[in-house]
Amino acid sequence: MIALKRILNYIFWSVMALLCSFGYLYYLLGDFPDGSAWYDPILLIFYRLVYLYFGLSLAGLIAIIYMLLDVFYLRKKLQTNLKSFIIRCLAIIGITILLACIHLFLEKGIDVI
């Protein structure tokens, strides 16, 4: 029963990581521009595939980092209450912001990406 509860907990936090990664990608890519060119439906398909591919990859990375943080640090320090839920939400958001800063630094600062 404890293992099932832990698995469901990590599924919930993985969905939260997915929402954070899609939010970051929406910030990065913006909305699809409306146009009337003949190739816009094709571009829309590629645009959505990029959202899906990079969103799932980024969410997986955020979820793995969160799970490691939870296993090695948060579970030992926090009890199950509202305060721990807020701290875990802030941990997911903090990991997303950290990865976004690293991405923007590598893209704009060093020009690696």
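Draft legend 1. Representation of the pattern of salt bridges within the structure. Taken as a whole and judged by the stated rule, the model has 1 salt bridge. In this structure, R88 engages D70 in a salt bridge whose closest nitrogen and oxygen atoms are separated by 3.2 Å. Note that R88 is positioned in helix α3 (residues 82-109) and D70 in helix α2 (residues 40-77), a separation of 18 residues in sequence. For the pair formed by R88 and D70, the shared burial category is buried.

Draft legend 2. Representation of the environment of G55 within the structure. Topologically, G55 is positioned in helix α2. Of the residues examined, G55 reaches a relative accessible area of 0% and is grouped as buried. As a C-alpha pair, G55 and Y73 span 18 residues in sequence and 26 Å in three-dimensional space. Not counting residues up to four positions away in its chain, the partners in contact with G55 are L18, S21, F22, L25 and V50.

Draft legend 3. Up close: the layout of surface pockets. In this structure, the largest pocket occupies an estimated 410 Å³ of space. Elements supplying a minimum of two residues to the lining of the largest pocket: α1 (2-29), α2 and α3. For the lining of the largest pocket, the element with the most residues is α1, which contributes 6 residues. If you add up the space inside the second largest pocket, you get close to 300 Å³. For the second largest pocket, the lining is made up of 13 residues, of which Y24, L25, F54, L58 and H103 are closest to its centre.

Parameters and conventions
- Residues numbered from 1 in each chain as written.
- Predicted model: local features only at pLDDT ≥ 70, side-chain atom pairs only at ≥ 80, totals over all residues.
- Heavy atoms only, no water.
- Salt bridge = Lys/Arg side-chain N within 4 Å of Asp/Glu carboxyl O.
- Helix = DSSP H or I, 4+ residues; strand = E, 2+ residues; numbered from the N terminus.
- Buried < 20%, exposed > 50% of the residue type's maximum accessible area, 1.4 Å probe, protein only.
- Contact = heavy atoms within 4.5 Å.
- 1 Å grid on protein atoms, 1.4 Å probe; cavity = no way out; pocket = protein on both sides within 12 Å on 5 of 7 lines; lining within 4 Å.
- Points joined across faces, edges and corners; volume = space filled by probe spheres on them.

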